[in-house]
Amino acid sequence: MSISINDVHWSAGGLMIVNGISIDVAPGKTLGLLGPNGSGKSSLLRLICRLRNLKSGVITLGSTDIAAMARLDIARRVALVEQQATTEAQVTVLDVVRLGRTPHRGPLSPWSASDDRAVNDALRHVGMPERADQLWHTLSGGERQRVHIARALAQTPSELLLDEPTNHLDIQHQLDILSLVTKLPVTSIIALHDLNLAAMFCDNLAILHHGKVVAAGTPEDVLTEDLIADVFGVRAYIERSVHHGRQHVQYRLD
Amino acid sequence: MAQPVVIGQRWWAPLALAALAFVVLGFMISLAVSIGEISIPLETTAKAVSNRLFGTTFELSRIHQGIVWDYRLSRALLAASAGAALALSGAILQALLRNPLAEPYVLGISAGASTGAVAVMILGFGYGVLTLSTGAFIGAVVAFVLVSALAAGAGGGADRIILAGVAGSQLFNALTSYIVTTSANAEQARGIMFWLLGSLSGVRWPDVYLAAPVAVIGFAVSIFYARALDAFTFGVDAAAALGIAVNRVRIILLGATALMTAAMVSIVGSIGFVGLVIPHAARFLVGPSKGRLLPASAMIGAIFMVAADIVSRIIVPQQILPIGVVTALFGAPAFALILYKARRPV
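Procedures and definitions
- Residues numbered from 1 in each chain as written.
- Chains lettered and ligands numbered in written order.
- Predicted model: local features only at pLDDT ≥ 70, side-chain atom pairs only at ≥ 80, totals over all residues.
- Helix = DSSP H or I, 4+ residues; strand = E, 2+ residues; numbered from the N terminus.
- Buried ≥ 20, exposed ≤ 12 C-beta atoms within 10 Å, placed from the backbone.
- Contact = placed C-beta atoms within 7 Å.
- Pairing = 2+ DSSP bridges.
- Axes fitted to C-alpha atoms, helices over the stretch in contact; angles between N-to-C directions.
- Parallel < 35°, antiparallel > 145°, perpendicular 65-115°, else oblique.
- Left-handed = near helix turned anticlockwise from the far one by under 90°.
- Nonpolar A, V, L, I, M, F, W, Y, C, P; charged D, E, K, R; others polar.
- pLDDT = per-residue confidence, 0-100.
- Arc of directions from axis to C-beta.

Considerations on the overall build of chain A
Phase 1: Counting its secondary structure elements, chain A contains nine helices and twelve strands.
Phase 2: Taking the principal axes of its C-alpha atoms as reference, chain A extends roughly 60 × 40 × 30 Å.
Phase 3: Evaluated residue by residue, chain A yields a buried proportion of 43% over its 254 residues.
Phase 4: Pairs at least 24 apart in sequence give 66% of the contacts found in chain A among residues at least 6 apart.

Right, dumping it as structure tokens:
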């Protein structure tokens, strides 16, 4: 389903964090959300799954306004992978992935075959089926991130929101996770810091700055030397990679 | 940390475990009824209970019949209800606040309930309209709201809520002492101090009629929200993203916790460490999944409290120790162990 964000405002502590953002993501496409720290990326993701209430504006999934949806109905469609969410509880990988079935189960209904299927598929997608019984606190940062993504997949979402899913991962796992997510048949929005990974994997990019969209479109249209200087305050050379044909950013130190 | 010994990978294992727990609890209650200044054989106990419940007419001395039914059985059932309710409260709070040290006693809820009960008992707050239990409930809710507000004001987080709880406990304990020393006569003061340490003396059937339903309702509510509690594993936002109505769940479960704590505190005084230690023991046996952890906590709490009551009556000859002393004697070392294990790796 498409995600449509229309003139959305949200403030916290008297500060306008999201200041009139409008973005559309077509069904099945991947949008990369870029911008410096504090530009409103995480807040926007939280607004899309209604963890926070909009101050003004409208967000629709398909043709449905999320403000009119029940929390449970949102959770059945939209899965969020937060940044660095962790726990002290002695849970296993399987326990965590099973949490993804929460919105699909009643408070007392038994575990069903379709729940089992969703959990097993999710574990297979992130390559961790044989790690199901491992304890959470023995996992590395990258493994935890993959388990969170498996939990999100077990929600069987049609929209997937990821907040910097590649943070603290080694390069192999960064590439693994992004290719996994972008190949899924879901509409996804990924907040990212790495401009090159964003250019490689995302269909479209939106650059946030001070809570506003300053550029949106294909990576070729959006990633320009001027924009990077304006938004991130660094100077860069941009060229088309001869290897993968996408934009490639190299930074200048002078 | 040690890997939990998770029992119950087979479907029948939880049922077998539940059956075993009921058998142990039944046995423990029979023991509690039989042991005491006047020792009563288990057979006599069974006959006395059967006479009252099923209308049988076994020949028994009226003294035995009276001791079993009017004194010891009500006391044992109350101990079981209180143990179950306090352990459940601890398990709920630990899950909801994501803090292994959370429990009614540590968070000052028990202290608030004591203050509420003492205010009604000594100062006569409510002009006879408020019962002791209602006073305790109001005290528990006030204490919890105050501690939560203090914790939130201090920036939230796992450490803050415990610090706020410590401050809250101190404040309410001081209020209780203030009321007792300024307004109670010597005899009242002695009685209250004994009651505050946690005491099952003087428990009768009407107390059981309050405590047992509260424990059962608290259990039913918490089981209904067991999956919602699991969803809090990664925090409030993670729970909301899984479709949990977090505010409603929090209010209902915190209300249930306050109700259970208040009911038990108003009858048996504030008993520490049961709410803290028992959920950890239960987690060690059945793992962190609330569908198993909550029933296990309730059952182990009930068994532990009945056992603690037996110990409190036989450890010093001719004297009954407050049950809170016994639970603390076992609980404090266990608390130390949890603190030690919960420390972050250096």
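After presenting the structure, the write-up continues.
Brief notes about the interface of chain B and chain A
Phase 1: Facing 22 residues of chain B, the contacting portion of chain A comprises 22 residues.
Phase 2: If you list the elements that add at least two residues to the side of chain B that touches chain A, you get helix 9 (226-231) and helix 10 (236-241) of chain B.
Phase 3: No other element matches the four residues that helix 10 of chain B contributes to the side of chain B that touches chain A.

Digging into the sheet that holds strand 10 (residues 212-217) of chain A
Residue and element names in this part refer to chain A.
Phase 1: Strand order across the open sheet formed by six strands is 6-7-8-3-9-10, with mixed pairing between neighbours. If you trace the sheet from one side to the other, it starts and ends with strand 6 (78-81) and strand 10, each paired once. Within this sheet the neighbouring strands show an average axis-to-axis angle of 15°, counted without direction.
Phase 2: As paired elements, strand 9 (residues 204-209) and strand 10 share five bridges and run antiparallel to each other. Bridging across to strand 10, L205 finds its partner in G217.

Focus: the sheet that holds strand 5 (residues 64-65) of chain A
Residues and elements named next belong to chain A.
Phase 1: Here we have four strands laid out as an open sheet, ordered 2-1-4-5, and antiparallel in their pairing. Sheet topology places strand 2 (15-25) and strand 5 at the edges, where each strand pairs with a single neighbour.
Phase 2: As judged from the two bridges shared by strand 4 (residues 56-61) and strand 5, these two strands associate in the antiparallel manner. By the bridge assignment, T60 is partnered in strand 5 with D65.
Phase 3: Those strands touched by helix 1 (residues 41-48) are strand 1 (3-12), strand 2 and strand 4, and its axis lies near 65° from that of strand 2.

So, the packing of helix 3 (residues 62-96) of chain B against helix 13 (residues 290-314) of chain B
All names here are of chain B.
Phase 1: Put simply, helix 3 and helix 13 touch, their axes get as near as 7 Å, and they point 140° apart. One finds that helix 3 runs oblique with respect to helix 13. When you trace helix 3 past helix 13, the crossing you get is right-handed. Along its contact with helix 3, which presents R75, A76, A79, A80, A82, G83, A84, L86, A87, L88, A91 and A95, the element helix 13 presents K290, L293, L294, S297, A298, I300, G301, A302, F304, M305, V306 and D309.
Phase 2: Looking at the contact of helix 3 with helix 13 residue by residue, the classes come out as 18 nonpolar, three polar and three charged.

Some thoughts on the confidence of the model for chain B
Phase 1: Mean pLDDT for chain B: 85, with 92% of residues reaching 70 or above.
Phase 2: Scored as a whole, the predicted complex attains pTM 0.88, and scored at its interfaces, ipTM 0.90.

Considering the environment of A149 of chain B
Phase 1: By secondary structure assignment, the location of A149 of chain B is in helix 5 (residues 132-153).
Phase 2: With 50 residues separating them along the chain, A149 of chain B and N99 of chain B place their C-alpha atoms 17 Å apart.

Details of the packing of helix 1 (residues 12-34) of chain B against helix 3 of chain B
All names here are of chain B.
Phase 1: In contact at an axis separation of 9 Å, helix 1 and helix 3 are set at 140° when each is read in the N-to-C sense. On the basis of the axis angle, helix 1 is oblique to helix 3. Of the two possible hands of crossing, helix 1 and helix 3 adopt the one that is right-handed. Contacts from L25, I29, A32 and V33 of helix 1 reach helix 3 at V68, R72, L73, A76 and A80.

Quick word on helix 7 (residues 186-196) of chain B
All names here are of chain B.
Phase 1: Along helix 7, the residues classified as buried are I192, W195 and L196. The arc that holds every buried residue of helix 7, seen down its axis, measures 95°, which confines them to one face. Exposed residues on helix 7 whose side chains face more than 90 degrees from its buried face are A186, E187 and R190.
Phase 2: Downstream of helix 7 by one or two residues, G198 has phi in the positive range, about 95°.

What about the environment of V306 of chain B?
All names here are of chain B.
Phase 1: Checked against the element boundaries, V306 lands in helix 13.
Phase 2: For the pair V306 and R75, spaced 231 residues apart in sequence, the C-alpha separation works out to 8.9 Å.
Phase 3: If we ignore the near neighbours within four places in the chain, the residues touching V306 are M28, I29, A32, A76, A79, A80 and G83.

Regarding the pairing of strand 2 of chain A
Phase 1: The pairing of strand 1 of chain A with strand 2 of chain A spans eight bridges and is classified as antiparallel. By the bridge assignment, S4 of chain A is partnered in strand 2 of chain A with D24 of chain A.

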